[in-house]
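What the coordinates show
This is what each chain is made of:
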Amino acid sequence: MNCASCVGRVERALQAVPGVEDASVNLASESAQVDFHAPADLTTILGALEAAGYPAATEEVTLDVQGMNCASCVGRVERALLAGQGVVSASVNLAAETATVRYVAGSTTPEAIAALATAAGYAATLRDAARPEPEDRKAEEIRHLARRTSFAAILALPVFVLEMGAHVVPGMHHLIAQTIGLQTSHLLQFVLTTIVLFGPGLQFYTKGFPALLRGAPDMNSLVALGTAAAYGYSLVATFAPGLLPAGTANVYYEAAAVIVVLILLGRFLEARAKGRTGEAIRKLVGLQARTARVERDGRVIELPVDQIVVGDIVHVRPGEKIPVDGAVLTGRSYVDESMITGEPVPVEKAEGAAVVGGTVNGSGALTFRAEKVGADTMLAQIIQMVEQAQGAKLPIQGLVDRITLWFVPAVISVAVVTVLVWLLFGPDPALSLALVAGVSVLIIACPCAMGLATPTSIMVGTGRAAEMGVLFRKGDALQMLQEATVVALDKTGTLTEGRPELTDLIVADGMTEDTVLRLVAAVEATSEHPIATAITRAAETRGLTLPSPEGFDSITGYGVQATVEGHRVLIGADRLMAREGVEIGGLAERGAELAAEGKTPLYAAIDGRIAAVIAVTDPIKPGTPAAIRALHDLGLKVAMITGDNAATARVIAAQLGIDHVVAEVLPEGKVTALESLREGGGKLAFVGDGINDAPALAAADVGIAIGTGTDIAIEAADVVLISGDLTGVVNAFDISKRTMRNIRQNLFWAFGYNTLLIPVAAGVLYPFGGPLMSPVLAAGAMALSSVFVLSNALRLRWVKPARTLRDAPEETHALTLSPANAD
């Protein structure tokens, strides 16, 4: 806001929201106070400000959240955070154990937001901006779980052997009765099980029962109910058997103890697997150099990287990591940038070349000026993008959240109905059978696998994508991309190199190549036109010394002319030659052939006589043809949208096998072209790199920016390719399809597992001669379901790039020099 008019517009926009009673805007403090009631809410108010062109300032905080075990926990934490004042959105990631909260700046504090989750029963702490090592906390948690699981297992083993050994070893039941006695056996089981339940297993009760009393039961509630039922029944059977019907005084200590052990084991395995899902982030963080050799006060000293400032002169020895981003001042070396771009071939660096922090210097020594440090470096931004994508919630997760919100209460209801049905209609001993069935239902239905199905795949998939040079800036792009049926590509800088090159020089009889190129380049050296630059660059490549022109004149719409070493040189289109009365002769046919190949033909005349036809074109990137073929292999329709002339665009499209061409469009016309391509239905992806591509990148369902492009294009995109090569687009589509397939596999397993096994646990097979599932088996199955989901997600770590430059056939775009009469 800049003036009172702005204030009025903001107030009118706010007051137009249904439910807003009053809105007062303060220009000096740049703030607005709004009184509102339903149907207005913070989201609609912020949307009104955005639409009016005065978006509210928002901030984002990331919390480390402890104590979450299943999708129900995720829902409760999110609801607690969203209830906070000024909170706009909250996304909780069970696999990463983090919560990302966006809130209106000034309405609350990060500490207050963390307190909301803590008050809901999930201790939350702010993630330090200095990047603490979360893996240390995870490693300690794994060690703690390992100790508790081992301790519980040692105590539960004798209980299991005493009670279940008779089912394996004939005569063991009689042996126990004749030696220590059954009552002593039950008392021993009671002591050991009590230690297990109120030692390693105490967390299930301290978290599960309070959640149940709040009317928001979770996984801990299911375990607490199940084990408490088995333990309580066993207590009565041990100390007051007369209270139970004859023949039903059985003990189920082993069920309660082993259930705790198996669920702790499952959580231990989950913690280890979840630790590996963040492997990509740890690898990226590990790329950062810790120290650097920096010039200070005339001498080179070693400093921590975080003390480097913009403008520092940094020295890099052979084999060292480059600490920050910058530009080379002296030296020459080859730098391994594979960890950033995914390409294995080292890149030559000399004076003026850009270097990226985290890459590895080769055998040469370099000095460079630091240009980006700290959070501004490319590596830091990549880490931030990956973290944001990993914390994202895909549209498919919405269905899971709605189901899991009611899942645990539904399971408790099913367990109650199961017990009642067994009590009413079951055979003797009905009470014992009802207990076994009810406990089995409670234990087998824990929704851990449901909560882990989506976020673990997202974490591993986006992390692996980053390693391949594909950054998902927005998480939902991961799902949208695999739904796309059309991929539209900008031409200049995306399909092509983005700068013209001299590709053909065909000289007339009596002329020599070096003479013509030297004189033509001397004239063009005065011009800044891209075509002139291409001609000058070709002359410099051949080592030609360029004389100074005189009387340079640009003839608008025709070409240029100048005098060089006494020779009058004309360069331009065929119409310039016609205007000046220069006979083109046999070169006209060669010029037409070059134009048919999508090149731009120019003619050169020296002293009024035709000297050569010159062809300039923007060369196709080496990996482009293979990438287009690969996109077709993925079942995608490929379109090209460009501002270039239609003839050139059609030629390039024919060379590459592109399905649809839209040419001669302005930047806003690209958005219209996308709408026409979208008419057939399905999602649409657009790939571009320039400022003029930003509207189309934002308008597409998924915008993919080439990483060598402009910052504006990258900001407008959903996906960023670090490499400038188009094969990264293929990798983006491939990892998207693989990740979404992995998510669907996980969800199918998680929901299928519960759908099939809850009825089995309830005992539907028993009347037909089938088994009644033991609570111990139910606990094992539940733990294995979560481990399966995590293990399946971790398979994405080994996804191979779909295409690389090494796969693409070698193509050259060398300068062709030939006389006019050559066949």
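Residues numbered from 1 in each chain as written. Predicted model: local features only at pLDDT ≥ 70, side-chain atom pairs only at ≥ 80, totals over all residues. Heavy atoms only, no water.

**Focus on the overall build of the protein**
- Assigned secondary structure in the protein consists of 29 helices and 29 strands.
- Scored against the burial criterion, the 823 residues of the protein give a buried share of 51%.
- Split by element, the accessible area of the protein, about 35700 Å² in all, is 58% carbon and sulfur. (Helix = DSSP H or I, 4+ residues; strand = E, 2+ residues; numbered from the N terminus. Buried < 20%, exposed > 50% of the residue type's maximum accessible area, 1.4 Å probe, protein only. Areas by Shrake-Rupley, 256 points an atom, 1.4 Å probe, with all protein chains shown as cover.)

**Quick look at the packing of helix α9 (residues 219–239) against helix α15 (residues 430–444)**
- Running from N to C, α9 and α15 point in directions that differ by 160°, and their axes come no closer than 8 Å. Relative to α15, the element α9 is oriented roughly antiparallel. Handedness of the α9/α15 crossing: left-handed. The segment α9 lies against α15, with Leu222, Val223, Leu225, Gly226, Ala229, Ala230 and Tyr233 engaging Leu431, Ser432, Leu435, Val439, Leu442 and Ile443.
- Of the residues belonging to the contact of α9 with α15, the class tally is 11 nonpolar, 2 polar and no charged. (Axes fitted to C-alpha atoms, helices over the stretch in contact; angles between N-to-C directions. Parallel < 35°, antiparallel > 145°, perpendicular 65-115°, else oblique. Left-handed = near helix turned anticlockwise from the far one by under 90°. Contact = heavy atoms within 4.5 Å. Nonpolar A, V, L, I, M, F, W, Y, C, P; charged D, E, K, R; others polar.)

**Let's talk about the UniProt feature "transmembrane region" (unreviewed entry) in the protein**
- Here the UniProt feature "transmembrane region" (unreviewed entry) sits at residues 151–169, 175–198, 219–239, 251–269, 403–425, 431–454, 747–766 and 772–794.
- Note that residues 175–198 is 92% helix and 0% strand, and that its end C-alpha atoms are spaced 30 Å apart.
- The span residues 251–269 is 89% helix and 0% strand, and its two end C-alpha atoms sit 30 Å from each other. (UniProt positions renumbered as here; feature names shortened; annotations may be inferred.)

**Brief notes about the confidence of the model for the protein**
- Averaged over all residues, the pLDDT of the protein equals 81, while 87% of them reach at least 70.
- The lowest-confidence element of the protein is strand β29 (residues 816–819), averaging 38 in pLDDT; the highest-confidence one is strand β9 (residues 313–316), averaging 94.
- Overall, residues 804–823 carries pLDDT values under 50, and its contacts beyond four positions in sequence, including any with other chains, amount to 41 contacts. (pLDDT = per-residue confidence, 0-100.)

**Comments concerning the pairing of strand β15 (residues 366–372)**
- For β9 and β15, the ladder comprises 4 bridges, and the chain directions are antiparallel. Opposite Ile313, over in β15, you have Arg369 as the bridge partner.
- Two strands pair when backbone bridges link them, and strand β10 (residues 325–331) and β15 are joined in this way by 6 bridges, in the antiparallel orientation. Across the sheet, Gly326 pairs through a bridge with Ala370, a residue of β15. (Pairing = 2+ DSSP bridges.)

**Examining the sheet that holds strand β25 (residues 660–662)**
- With mixed pairing, the 7 strands of this open sheet are ordered in space as β16-β28-β27-β26-β17-β24-β25. Unpaired on one side and paired on the other, β16 (470–472) and β25 mark the two borders of the sheet. Strand-to-strand twist across the sheet, computed as the mean angle between neighbouring axes with direction ignored, equals 20°.
- Alignment of strand β24 (residues 637–641) against β25, held across 3 bridges, turns out to be parallel. Within β25, the residue paired with Ala639 across the bridge is His660.

**Overview of the environment of Gln384**
- Within the element layout of this structure, Gln384 appears in helix α13 (residues 378–390).
- Gln384 sits in the partly exposed class, given a relative accessible area of 43%.
- Note: C-alpha distance between Gln384 and Arg473 (89 residues apart in sequence) is 9.0 Å.

**What to know about the packing of helix α23 (residues 624–633) against helix α28 (residues 727–762)**
- As a packed pair, α23 and α28 sit with axes 8 Å apart at the nearest point and diverge in direction by 20°. When the axes of α23 and α28 are compared, the pair comes out roughly parallel. Once α23 is placed against α28, the crossing between them reads as left-handed. On α28, the residues that touch Ala627, Ala630 and Leu631 of α23 are Thr727, Val729, Val730 and Phe733.
- By residue class, the composition of the contact of α23 with α28 is 6 nonpolar, 1 polar and no charged.

**Description of the pattern of salt bridges**
- Per the stated rule, a full pass over the model turns up 15 salt bridges.
- Two residues, Arg332 and Glu348, come together in a salt bridge whose shortest N-O distance is 2.5 Å. Of the two residues, Arg332 is situated in the loop between β10 and β11 (333–336) and Glu348 in strand β12 (residues 347–349); the sequence distance between them amounts to 16 residues.
- With a relative accessible area of 54%, Arg332 lands in the exposed category.
- Accessibility expressed as a relative area gives 39% for Glu348, which makes it partly exposed. (Salt bridge = Lys/Arg side-chain N within 4 Å of Asp/Glu carboxyl O.)

**Overview of helix α7 (residues 182–198)**
- For α7, which comprises 17 residues, the first-to-last C-alpha distance of 24 Å matches the rise-based estimate of 24 Å (1.5 Å per residue) to within 8%.
- When we look at burial in α7, the residues that qualify are Ser185, His186, Gln189, Leu192, Thr193, Val196 and Leu197. Across the axial projection of α7, the buried residues extend over an arc of 135°, all falling on one side. (Expected span 1.5 Å × (residues − 1). Arc of directions from axis to C-beta.)

**Comments concerning helix α19 (residues 513–524)**
- The first and last C-alpha atoms of α19 sit 16 Å apart over 12 residues, in line with the 16 Å expected at 1.5 Å per residue.
- Among all positions in α19, only Val516, Leu517, Leu519, Val520, Ala521, Ala522, Val523 and Glu524 are buried.

**Observations regarding the nonpolar core**
- Membership of the largest hydrophobic core comes to 140 residues, with the highest contact counts inside it found for Leu81, Ile704 and Phe733.
- For this core, the domains that each give at least three residues are domain 1 (4–126) and domain 3 (471–496 + 621–722).
- Beyond its immediate chain neighbours, meaning those up to four positions away, Ile704 contacts Leu481, Ala685, Phe686, Val687, Gly688, Leu697, Ala717, Val719, Leu721, Val729 and Phe733.
- Counting 28 residues, the second-largest nonpolar core is a separate cluster that includes Ile535, Ile571, Ile614 and Val616. (Core = buried A, V, L, I, M, F, W, Y, C linked by side-chain atoms within 4.5 Å. Domains from an automatic or database assignment.)

**Comments concerning the sheet that holds strand β7 (residues 291–296)**
- One open sheet accounts for 6 strands, arranged β8-β7-β9-β15-β10-β13; its pairing is antiparallel. Since the sheet does not close on itself, it has two edges, and those belong to β8 (299–304) and β13 (354–355), each with one partner.

**Remarks on unusual backbone geometry**
- Residue Pro39 is bonded to the preceding Ala38 through a cis peptide linkage, with omega at 15°.
- In the segment running from Asp428 into Pro429, the intervening peptide bond is cis, with an omega of -10°.
- Relative to the helices and strands, Pro429 resides in the loop between α14 (395–425) and α15.

**A closer look at the side chain of Asp504**
- Mapping Asp504 onto the fold places it in strand β18 (residues 501–507).
- Residue Asp504 is classed as buried on the basis of its relative accessible area of 9%.
- Polar side-chain contacts of Asp504 include one of 2.8 Å to the side chain of Thr503.
- A distance of 2.7 Å separates a polar atom in the side chain of Asp504 from a polar atom in the side chain of Lys599. (Polar contact = N/O pair within 3.5 Å; in protein donor to acceptor, adjacent residues only side chain to side chain.)

**Description of the environment of Glu513**
- Relative to the elements of secondary structure, Glu513 occurs in helix α19.
- The class of Glu513 is partly exposed, set by a relative accessible area of 25%.
- Each C-alpha atom, one on Glu513 and one on Ala611, is 9.5 Å from the other, the two residues being 98 residues apart in sequence.

**What to know about the packing of aromatic side chains**
- Scanning all chains against the criterion turns up 9 aromatic pairs.
- Ring centres 5.2 Å apart and planes at 85° place the aromatic pair Phe190 and Phe239 in the edge-to-face group. Within this pair, whereas Phe190 is found in helix α7, its partner Phe239 is found in helix α9, the two being separated by 49 residues in sequence.
- Overall, the relative accessible area of 22% leaves Phe190 in the partly exposed class.
- Residue Phe239 is classed as partly exposed on the basis of its relative accessible area of 47%.
- An aromatic cluster is defined as three or more aromatic residues linked by ring pairs; in this entry it consists of Phe190, Phe198, Tyr205, Phe209, Tyr231, Phe239 and Tyr253. (Phe/Tyr/Trp six-rings, centres within 6.5 Å; stacked < 30°, edge-to-face > 60°.)

**Describing the pairing of strand β4 (residues 87–93)**
- Among the 7 residues in β4, 6 count as buried, and that is most of the element.
- Two elements, β4 and strand β5 (residues 98–104), share 6 bridges in a ladder whose sense is antiparallel. Across the sheet, the residue bridging to Val87 is Tyr103, located in β5.
- In this antiparallel pair of consecutive strands, β4 and β5, the connection spans 4 residues, and Glu97 shows a positive phi of 55°.

**Observations regarding a nonpolar patch on the surface**
- Taken together, the side chains of Val416, Val417, Leu420, Val421, Leu423, Leu424 and Phe425 present a nonpolar region at the surface, about 700 Å² in accessible area.
- Tracing the backbone through its elements, the reader meets Val416 in helix α14. (Patch = residues over 30% accessible without salt bridge, like charges linked within 9 Å, V, L, I, M, F, W, Y side chains within 5 Å.)

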